[in-house]
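Residue strings, one per chain:
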Amino acid sequence: NGLSISPTTSLQSPLQIFVRAKKKINLVYGEVEVYVNDSANFLLGVPKNCELVKQEEQDIVTSHVGKVKGIREVLARDHMKVAFFGRTSNGKSTVINSMLRERILPSGIGHTTNCFIQVEASENGESYLIAENSDERKNVKSVSQLAHSLLCSDSLGDNSLVKVFWPTDKCPLLRDDVVLVDSPGIDVSPNLDSWIDRHCLDADVFVLVANSESTLMLTEKNFFFKVSARLSKPNVFVLNNRWDASASEPEFLEEVRKQHLLRTVDFLVDELKVCNSRAEAEQRVFFVSAKEVLQARINEFKGLPINTGMVADGFHGRYFEFQDFERKFEECISKSAVRTKFDQHTKRGKAIVSDTRNVMEALLERASVKRAAKTQIRREVLDHLDFTEKQLQLVTVEMKDKICKMVEEVEHKVSKAL
Ligand code: GTP
Ligand code: MG
């Protein structure tokens, strides 16, 4: 078919910016942990009667031990999070499946997704799901099994979250620490505010899956107004999905595209104010067909040509546009996640190390003063001993002379008597 669509290899991927930064910050925090733990143990080991360590200093370092442990746990779990929103049946689940290169999430006509579904890497190569408020791992081997399990979780309600853990062998995104969150249609839920509070505040990127057969709807706009009221300048991408439908009306294609682009750019720049310029916003809007991309990738995996069967005109263009979206999305999410996830931790790490260092330096200072004082006392005692020794020597010489004289006198008297 003359089209090369090999998946972005992990090493070239912009996602590596995050992956490498995560590795590095974890290493650095490992060293911070050793330093803080060593310092805390040292302080504990200093005998109390020396009165060298103040209680508040001990408390500071001990509390840092707990903090570093907590941060290390968060860092180990940190990932890049992308959340997909849009009206029912616009193709959110299909877009996610295309990005994952596999039919994982249930999709279909009608209202399919009934709760939040977060797809992330499975660490043991098995596919399973964990529903909210439960520790039970339910194995899922196929999309139909997953759909069934999700239906059984229906009682959880549209605000609840089901985590799906999936093997990473076919999904480079999962391998590189991206988690993808699917949502029910924003037009079917009255819970938008609590959705945002529960599922959106830690998202690095939002993808609005719009329907290119209609126009951007007020419900979609309102949802993102709410998001941007809670988050400063969220990263938003807009996918005009189902663009394959345009192939049947080629005479209107350019005009419709222009109209959608204009409206979406107006929305991002003037209304939502998440992009500074129209040129920047244009880099956030794509015209794609998730359904075609998914089919192509499934074919490719099976070793078949990517465009078997009936494909609408313009397939290659739409396919490239989807890849272009993925590339720009990867760059954006990677940089944004490094900034939002690691910046704070870097600052806290610096503060923890410098606090601990201050405590240890103060201790060193106090110990040096004490040692100097002791040295002074020792010197004085030595001087005193020196003096006494000399006095003794003098006394000894005087006594010797006296005794000699006495002996001489006695000898003299004795000789006279004789
Ligand atoms: P809910 O979960 O119900 O909110 O829907 P959704 O937004 O997840 O949509 P889903 O992915 O389930 O897709 C709905 C229907 O649209 C399915 O039958 C898909 O096969 C179809 N579909 C998705 N993307 C495209 C596309 O790009 N072109 C065409 N022609 N059909 C699509
Ligand atoms: Mg869905």
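Predicted model only: the values in this text are computed from it and were never measured.

K.L.:
Would you mind going over the overall build of the protein chain with me for this structure?
P.N.:
In terms of regular secondary structure, the protein chain is built from eleven helices and nine strands. Taken over C-alpha atoms, the radius of gyration comes to 38 Å for the protein chain, far larger than the 22 Å a tight globule of 418 residues would show. Expressed as a percentage of its 418 residues, the buried residues of the protein chain come to 43%. Partitioning the contacts of the protein chain with sequence separation of at least 6, the portion at a separation of at least 24 is 79%. A total accessible area of about 23100 Å² is found for the protein chain, and carbon and sulfur atoms account for 56% of it. Separation of charge centres in the protein chain, based on 58 positive and 60 negative side chains, amounts to 3 Å.

K.L.:
Could you clarify how one ought to interpret the sheet that holds strand 5 (residues 161-166) in this entry?
P.N.:
Sheet strands line up and pair through hydrogen bonds in the backbone, either parallel or antiparallel. Taken in spatial order, the nine strands of this open sheet run 4-3-5-2-6-1-7-8-9, and their pairing is mixed. Edge positions in the sheet fall to strand 4 (138-139) and strand 9 (285-287), since each has one partner strand and no second. Examined bridge by bridge, strand 1 (residues 80-85) and strand 6 (residues 178-182) share four bridges and lie parallel to one another. Its bridge partner being in strand 6, Lys-81 is matched across the sheet by Val-179. Along the sheet, helix 7 (residues 218-230) makes contact with strand 1, strand 7 (205-211) and strand 8 (236-241), crossing strand 7 at roughly 170 degrees.

K.L.:
What exactly am I supposed to notice about helix 8 (residues 250-271) here?
P.N.:
Every α-helix carries 3.6 residues per turn, so stepping three or four residues along brings you back to the same face. The end-to-end C-alpha separation of helix 8 is 31 Å, in line with the 32 Å expected for 22 residues at 1.5 Å each. Positive backbone phi, at 55 degrees, marks Lys-273, one or two positions downstream of helix 8.

K.L.:
I tried to follow the environment of Ser-63 on my own but got confused; where do I start?
P.N.:
Note on placement: Ser-63 falls in helix 2 (residues 55-77). According to the relative accessible area criterion, Ser-63 is partly exposed, its value standing at 36%. Considering only alpha carbons, one finds Ser-63 and Ala-40, 23 residues apart in sequence, at a separation of 9.5 Å.

K.L.:
Explanation requested: the environment of Pro-14 in the structure shown.
P.N.:
Among the structural elements, Pro-14 can be located in the segment before helix 1 (16-45). By relative accessible area, Pro-14 is classed as buried at 8%. Sequence separation of Pro-14 and Lys-328 is 314 residues, and the distance between their C-alpha atoms is 8.8 Å.

K.L.:
What exactly am I supposed to notice about the pattern of salt bridges here?
P.N.:
Oppositely charged side chains can pair when the atoms bearing their charge come close. As enumerated under the stated definition, the model contains 22 salt bridges in all. As a salt-bridge pair, Glu-102 and Lys-170 come within 3.4 Å of each other at their nearest N and O atoms. In this pair, Glu-102 sits in the loop between helix 3 (92-100) and strand 2 (116-121) while Lys-170 sits in the loop between strand 5 and helix 5 (172-175), placing the two residues 68 residues apart along the sequence. Look at Lys-170 and you get partly exposed, because its relative accessible area is 24%. Note that Asp-266 and Arg-278 form a salt bridge whose closest N and O atoms lie 2.7 Å from each other.

K.L.:
Mind showing me how you'd approach helix 2 here?
P.N.:
In this model, helix 2 (23 residues) spans 34 Å end to end at C-alpha, consistent with the 33 Å of a helix rising 1.5 Å per residue. Residues of helix 2 that are buried sit in contact with helix 1 and helix 11 (315-417).

Rules and cut-offs
Residues numbered from 1 in each chain as written. Chains lettered and ligands numbered in written order. Predicted model: local features only at pLDDT ≥ 70, side-chain atom pairs only at ≥ 80, totals over all residues. Heavy atoms only, no water. Helix = DSSP H or I, 4+ residues; strand = E, 2+ residues; numbered from the N terminus. Rg over C-alpha atoms; globule rule 2.2 N^0.38 Å. Buried < 20%, exposed > 50% of the residue type's maximum accessible area, 1.4 Å probe, protein only. Contact = heavy atoms within 4.5 Å. Areas by Shrake-Rupley, 256 points an atom, 1.4 Å probe, with all protein chains shown as cover. Lys, Arg positive; Asp, Glu negative; His and termini not counted. Charge placed at Lys NZ, Arg CZ, Asp CG, Glu CD. Pairing = 2+ DSSP bridges. Axes fitted to C-alpha atoms, helices over the stretch in contact; angles between N-to-C directions. Expected span 1.5 Å × (residues − 1). Salt bridge = Lys/Arg side-chain N within 4 Å of Asp/Glu carboxyl O.

Coordinates in, geometry out; function isn't part of it.
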